[in-house]
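# Observations on the model geometry
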Amino acid sequence: MTCRQVVQLLNDYLEGMLPAADRQRVEEHLAGCEACAAFVGQLRASRRLVARLAEEEVPASVKQELLTAFRNWRPAGLR
Amino acid sequence: MKAGDAAAFEALLDRYHGPLLRVALGYVRDREAAEDAVQETWLRVVAGLDRFEGRSSLKTWIFGILLNVARSRRRRDRRLLPFSALFRRDEPGSEPIVDPDRFNAEGRWTSLPDNWEVLPEARLMSREVLDRVGAAIGELPPTLREVILLRDVAGWSAEEAASLLGISAANQRVRLHRARGHVRRVLEEYLR
Ligand SMILES: [Zn+2]
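Just so you know, these numbers come straight off a predicted model, no measurement behind them. Residue numbering note: each chain is counted from 1, following its sequence as written. Each chain takes a letter, starting from A, and each ligand takes a number, starting from 1, following the order in which they are written. Note on the predicted model: pLDDT of at least 70 is required for a residue's local features to be given, and 80 or more for side-chain atom pairs to be given and counted; whole-chain, interface and lining totals, by contrast, use all residues. The basis for the side-chain values is all heavy atoms of the structure; hydrogens and waters are excluded.

This next bit is on the overall build of chain B. Helices and strands together make up the secondary structure of chain B, namely nine helices and zero strands. Only DSSP runs of H or I covering at least 4 residues are called helices, and only runs of E covering at least 2 are called strands; the numbering of each starts at the N terminus. The order of α-helices and β-strands along chain B, N terminus first, is α-α-α-α-α-α-α-α-α. As displayed, chain B offers around 9800 Å² of accessible surface, 50% of which is attributable to carbon and sulfur atoms. Neither His nor the chain termini are counted; the positive set is Lys and Arg, and the negative set is Asp and Glu. To locate a charge, take NZ of a lysine, CZ of an arginine, CG of an aspartate or CD of a glutamate. Computed over 32 positive and 29 negative side-chain charges, the inter-centroid distance for chain B is 5 Å. Accessible areas in this description were obtained via Shrake-Rupley with a 1.4 Å probe; residue shielding takes into account the shown protein chains only.

See the structure below:
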């Protein structure tokens, strides 16, 4: 497998979606190819960064407002 | 929760508010509109809790509401977009995962990818890099953007994302491959 072919398979590899034979060939390639190993590292780091985007606190005012809405809510049967 | 357990609701807010906001940002024009869409989503969640029957998970249900709210707002916003914004030829996400000229005739790398593991964590995870990542996702076409938002921002599984978006497993994979490829590419240029 060439580097050019390997990079096309790496997302499926990270997804755990490659058939066993392909996975093994990719892993063998990665073990012996620093460039492709660095490329996988870039993909993994990108994912980590994207995940960080979701780390955001609920602003206190928004939280209070929503909690008040929740407390005012009653199951339909009790209305 | 149905009995009015405010602590459980607060835990839900803490857990999903950030991911919901990020996903909403993928649909509407700006942050203010996204905050608004998330607020409306939570209010609908509160109002609908007594009708939630647990056939889907709470998470799926909440994000399903968000997608409805955000998509209808996008349709409204779209009328306000300049014509040029709707048609782009060099659409991000349609480029090759790696430029073909980075490989030689034997298919080996000629210009090697940088090893980001040697970068200081503070540099890699800095605010400016995160902002660049957010922008890279923002410039993707909506079909690719929603997949990477659900998968990598909201942390959904491949099956959950495909089912919520109503697309096939194969389609989900292809879109994710291209979306992640674009983000990596943008970062590689930025961090070089
Ligand atoms: Zn290689």
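The distinction between a cavity and a pocket rests on a 1 Å grid over the protein atoms alone: a 1.4 Å probe fits inside a cavity but cannot get out, while a pocket stays open yet meets protein on both sides within 12 Å along at least five of seven lines, and a residue with an atom within 4 Å of a point counts as lining. Grid points are joined across faces, edges and corners, and a volume is the space filled by probe spheres set on the points. Considering only enclosed or pocket space, the second largest pocket measures out at about 160 Å³ in volume. If you go around the second largest pocket, the residues you meet are A:Glu34, A:Ala35, A:Ala37, A:Ala38, A:Val40, A:Gly41, A:Arg44, B:Leu112, B:Pro113, B:Asn115 and B:Glu117. Class assignment for the residues of the lining of the second largest pocket results in six nonpolar, two polar and three charged. As a working rule, the residues Ala, Val, Leu, Ile, Met, Phe, Trp, Tyr, Cys and Pro are called nonpolar, Asp, Glu, Lys and Arg charged, and the rest polar, with Gly in that last group.

Below, the discussion takes up the packing of aromatic side chains. Two aromatic rings from Phe, Tyr or Trp, using only the six-membered ring of Trp, form a pair when their centres are within 6.5 Å; if the ring planes differ by under 30 degrees the pair is stacked, by over 60 it is edge-to-face, and anything between is tilted. Scanning all chains against the criterion turns up seven aromatic pairs over all chains. Ring centres 5.5 Å apart and planes at 40 degrees place the aromatic pair A:Phe39 and B:Trp109 in the tilted group. In this pair, A:Phe39 sits in helix 3 (residues 34-52) while B:Trp109 sits in the loop between helix 4 (83-86) and helix 5 (121-124), so the two residues belong to two different chains. Exposure categories follow from relative accessible area, calculated using a 1.4 Å probe and restricted to protein chains: below 20% of the type maximum is buried, above 50% is exposed, and the middle band is partly exposed. Residue classification places A:Phe39 among the buried residues on the basis of a relative accessible area of 0%.

Once that is clear, we can look at empty space enclosed by the protein. The full count for this structure, using the stated rule, is one cavity of 30 Å³ or more. Computed from the structure, the largest cavity encloses a volume of approximately 50 Å³. In this structure, the largest cavity is lined by A:Val7, A:Asn11, A:Phe39, A:Leu43, B:Ile97, B:His177, B:Arg180 and B:Gly181. At the level of secondary structure, the elements contributing two or more residues to the lining of the largest cavity comprise helix 1 (3-14) and helix 3 of chain A together with helix 9 (169-191) of chain B.

Often, the extent of an interface is quoted as the loss of accessible area on bringing the components together. On the side of chain B, 58 residues touch chain A, which itself brings 40 residues to the contact. Of the roughly 4500 Å² buried at the junction of chain A and chain B (both faces included), carbon and sulfur atoms supply 65%. Pairing of N or O atoms within 3.5 Å defines a polar contact, subject to two protein rules: one partner must be a possible hydrogen donor and the other a possible acceptor, and residues neighboring in sequence count only if both atoms are side-chain atoms. Counting across the interface, chain A meets chain B through 15 residue pairs in polar contact (both at pLDDT 80 or more). Broken down by secondary-structure element, the contributors of at least two residues to the side of chain A that touches chain B are helix 1, helix 3 and helix 4 (60-72) of chain A. The leading source of residues in the side of chain A that touches chain B is helix 3 of chain A, at 15 residues. Of the residues belonging to the side of chain A that touches chain B, the class tally is 24 nonpolar, six polar and 10 charged. Contacts between residues were defined by any pair of non-hydrogen atoms, one from each residue, lying within 4.5 Å. Defined here as a combined quantity, buried area equals the accessible surface (1.4 Å probe) lost by two parts on assembly, summed across both.

Looking now at helix 1 (residues 6-25) of chain B. Residue and element names in this part refer to chain B. To estimate the expected span of a helix, count its residues, drop one, and scale the result by 1.5 Å. Given a rise of 1.5 Å per residue, 20 residues ought to cover 28 Å, and the 27 Å separating the end C-alpha atoms of helix 1 matches this to within 8%. Axes are fitted to the seven residues ending at a residue and to the seven starting at it; the angle between these axes is taken as the bend at that residue. The largest bend in helix 1 is about 45 degrees, located at tyrosine 16, with the proline proline 19 one to four residues further on. Where helix 1 begins, the capping side chain belongs to aspartate 5, and its oxygen is found 3.1 Å from the backbone nitrogen of alanine 7.

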